[in-house]
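Coordinate inspection notes
What follows is each chain in one-letter form.
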Amino acid sequence: MLKELKKDIQLILRGYKLIWTIDNNLIIWDIFRALLTVVSPYTTIYLSARIISGIAAGEPFRQLMFYAALTIFIQFAMSLLTRAVTRKVNAANQTRHDLFEIYFSSVNRNMQYEHLENPETHLRKDRITRAADASGFGFTYLIFQIEGCVNAIASVILSVTLTASLFTARVPGHTDGLWGFLNSPWAFLPILGLLIFQIFAVSSLNRRSADVFYREIKNFADQNRLSSYYHGMLEEYETGAEIRLFHEAPLIEKSWLKTLIHPTYLQNVIRAQSRFARIRSCVGFVMNISLYLFIAAKAYLGAFGIGNFVLYTGAISRFVNAMTNFFGNAVDLKANNAYLEEIFAYIDMPNSMYQGTLPVEKRAFCEGGDNEYEIEFRDVSFRYPASDAYALRHINLKFRIGERMAVVGKNGSGKTTFIKLLCRLYDPTEGEILLNGIDIKKYNYAEYMSLFSVVFQDFKLLSFSLGQNVAAAVQYDPERVEACLREAGFGDRLEHMPDGLETYLYKSFDEKGVEISGGEAQKIALARALYKDAPFIVLDEPTAALDPVAESEVYSKFNEMVHDKTAVYISHRLSSCRFCDDIVVFDNGQVVQRGSHDTLVADQNGVYHDLWTAQAQYYVTE
Ligand code: ADP
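Scoring rules and cut-offs
- Residues numbered from 1 in each chain as written.
- Predicted model: local features only at pLDDT ≥ 70, side-chain atom pairs only at ≥ 80, totals over all residues.
- Heavy atoms only, no water.
- Pairing = 2+ DSSP bridges.
- Helix = DSSP H or I, 4+ residues; strand = E, 2+ residues; numbered from the N terminus.
- Expected span 1.5 Å × (residues − 1).
- Buried < 20%, exposed > 50% of the residue type's maximum accessible area, 1.4 Å probe, protein only.
- pLDDT = per-residue confidence, 0-100.
- Contact = heavy atoms within 4.5 Å.
- Axes fitted to C-alpha atoms, helices over the stretch in contact; angles between N-to-C directions.
- Left-handed = near helix turned anticlockwise from the far one by under 90°.
- Nonpolar A, V, L, I, M, F, W, Y, C, P; charged D, E, K, R; others polar.
- Near = heavy atom within 4 Å.
- Polar contact = N/O pair within 3.5 Å; in protein donor to acceptor, adjacent residues only side chain to side chain.
- Areas by Shrake-Rupley, 256 points an atom, 1.4 Å probe, with all protein chains shown as cover.
- Core = buried A, V, L, I, M, F, W, Y, C linked by side-chain atoms within 4.5 Å.

**What to know about the sheet that holds strand 1 (residues 374–383)**
Spatially, four strands are ordered 2-1-4-5 in an open sheet, and the strand pairing comes out antiparallel. Edge positions in the sheet fall to strand 2 (390–400) and strand 5 (438–439), since each has one partner strand and no second. Relative to strand 4 (residues 430–435), strand 1 is paired through five bridges, and the arrangement is antiparallel. Each bridged residue has a counterpart across the sheet, and for Ser381 the counterpart in strand 4 is Glu430.

**Notes on helix 19 (residues 518–532)**
Relative to the 21 Å expected for 15 residues at 1.5 Å per residue, helix 19 spans 21 Å between its end C-alpha atoms, a close match to the ideal helical length. Counting buried residues along helix 19, eleven of its 15 residues qualify, which places the element largely inside the surrounding structure. Buried residues of helix 19: Gly519, Glu520, Ala521, Gln522, Ile524, Ala525, Leu526, Ala527, Ala529, Leu530 and Tyr531, and no others.

**Some points on the confidence of the model for the chain**
The share of residues in the chain with pLDDT of 70 or more is 90%, and the mean pLDDT across the chain is 83. Element-level mean pLDDT values for the chain span from 56 in helix 13 (residues 360–364) up to 94 in strand 4. Confidence drops under pLDDT 50 across residues 362–371; counting only partners more than four residues distant or on other chains, this segment forms 16 contacts.

**Here's the deal with the packing of helix 1 (residues 2–22) against helix 12 (residues 306–347)**
The geometry of helix 1 relative to helix 12 is characterised by a closest axis approach of 10 Å and an angle of 65° between their N-to-C directions. Of the two elements, helix 1 crosses helix 12, and the hand of that crossing is left-handed. Of the residues in helix 12, those in contact with Glu4, Lys7, Asp8, Leu11, Ile12, Arg14, Gly15, Tyr16 and Leu18 of helix 1 are Leu333, Lys334, Asn337, Leu340, Glu341, Phe344 and Ile347. Counted by class, the contact of helix 1 with helix 12 contains eight nonpolar, two polar and six charged residues.

**Notes on the site of the ligand**
Taken together, the residues surrounding the ligand are Glu117, Tyr384, Ala391, Lys410, Asn411, Gly412, Ser413, Gly414, Lys415, Thr416 and Thr417. Between Glu117 and the ligand, the recorded distance is 3.0 Å, taken from a side-chain N or O atom to a nitrogen atom. With respect to the ligand, the side chain of Tyr384 contributes an N or O atom lying 3.4 Å from a nitrogen atom. Taken by itself the ligand offers 570 Å² of open surface, and the protein chains cover 62% of this. Residues of the shell around the ligand, tallied by class, amount to two nonpolar, six polar and three charged.

**Considerations on the nonpolar core**
Judged by nonpolar contacts, the single largest core of 45 residues is most densely connected at Leu466, Leu485, Ile524 and Phe558. Among the elements that take part in this core, helix 19 stands out by supplying eight residues, more than any other. What Ile524 contacts, discounting residues up to four positions off in sequence, is Leu461, Leu466, Asn469, Val470, Leu485, Phe490, Leu505 and Ile516.

**Observations concerning unusual backbone geometry**
We note that Arg424 has phi near 60°; this positive angle belongs to a residue other than glycine. When you line up the elements, Arg424 lands in the loop between helix 14 (415–422) and strand 4. Of note, Ala472 is a non-glycine position whose phi angle comes to about 55°, a positive value.

And the structure:
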């Protein structure tokens, strides 16, 4: 039990620590507001008691007026301050969702690529987001609890301070009997017993109410995820054309309707919660009555005056309230830990990739370095984590800086996987990849990655300005961006961009943003690869939207563009890579041939010859 409590507290503290690093404003202002809201009622209780004591003791009128004025002033000042702080709390809450999403995207960026490609990872993240958005669980819940917990703790401290004298004030003239018992330290016991009873009763009630909530909300979150998927499909204009042409709307709508759970979940939650809340207030009521009787008996027997009677009753009822809230919050926090565990399991997803420390530059660029790169695949085989079949088998390949290499092969022959291993998105299952004779695992991961500029098949441009897209940065060198765009063949189109490099792509952020064709997008993606100025450039069939002639043009032009860089071209269209002297042919995960176009095509038994004749047929007929 203690172990579990310790684990729970550690989890909650870790949650708050993370919230603090993401946005400490949230915590600061919430605590501040909680303290402000506590001050006002307690000063009122204290000063009212003083006024009543003053009246009873016949204190001067001016003194009493002073107390009254002070009460009003403090109330007024606190309400003004609370309003100002509430503005801060609201402002922090408005940015909260986005700040957390930004944090999670950094988690995704740094996670092992294998996890990122796993659909289960996305489902897990989705569940976390939906639990937060739909029901406020996870970090959101911790944030909402800050105020309640601080308020409850401060209230308990203030109540105990104000009522300490209740227990020491002695009933005069009674040493034994029932009234004498009020003076004995044993008088605490029934009150303590009641308090402990209340703690346990409320805790167990809250736990049961939280269980109902957790169960129901889980269903709700799952349904919510499906709804937004269907909603997205129907709303996205990219799918709009297909939905119209294939009359897919009824299919989507029917599937959507089928997933809808009858909305009893909310009724169940409300019913359970209100039932438990009623029992909770009964328990609180018994506690209150007992304490009132205790105070009333002591006051009646002359242990203290009427002023203190007001003070104690006011403070005690707040104390009972605070305790109830505090234990309510504690149990709710425990229920929320199930979500926190899910979040931390996501954040802590293990990264089993060996992270070396060897700096890449020192090997190659710096003084004393040989300024040459040589990459070697040495008997590399690879299997995707969730797959039994090898995507690559016994690859042996070497290429040097400044060389051009084309990788060709049918779809599914392993070309993209080869690039993923080259860029170390995955590590080989067997064998090793060497950079200048050293296993690439031994290099600093980020530095190694920075050697590569890749244009993937499914590259994405952003709804930012053209210049920012090419530079992949907010600030950029306009001359260099322009030069890269011209080199990539985008020069003419650039002349017609209404705001030049400042023109927004697409219309997501700017109504004047331009829609670009697939071919234009590819040129921009090429320009981005050039701008990065990395020693290796890889084109992984980025030209799928171009016709074979245009694709061939891009590839042959790219040959000039890459200057002295090492370039790897990947294509399943052999005509595009014809210009390249070094063509590597992949088939079924293996390198089956290597050489120039002329030598490869001459081998009539080779895969290349088959592919070439099969593809050439179409071009000839065209
Ligand atoms: P290519 O680029 O030549 O079309 P790929 O390298 O994409 O081929 O694929 C090689 C093989 O690996 C294929 O059989 C493909 O189905 C499989 N594969 C690709 N990506 C994954 C993945 N993420 N998980 C499991 N198998 C994959």
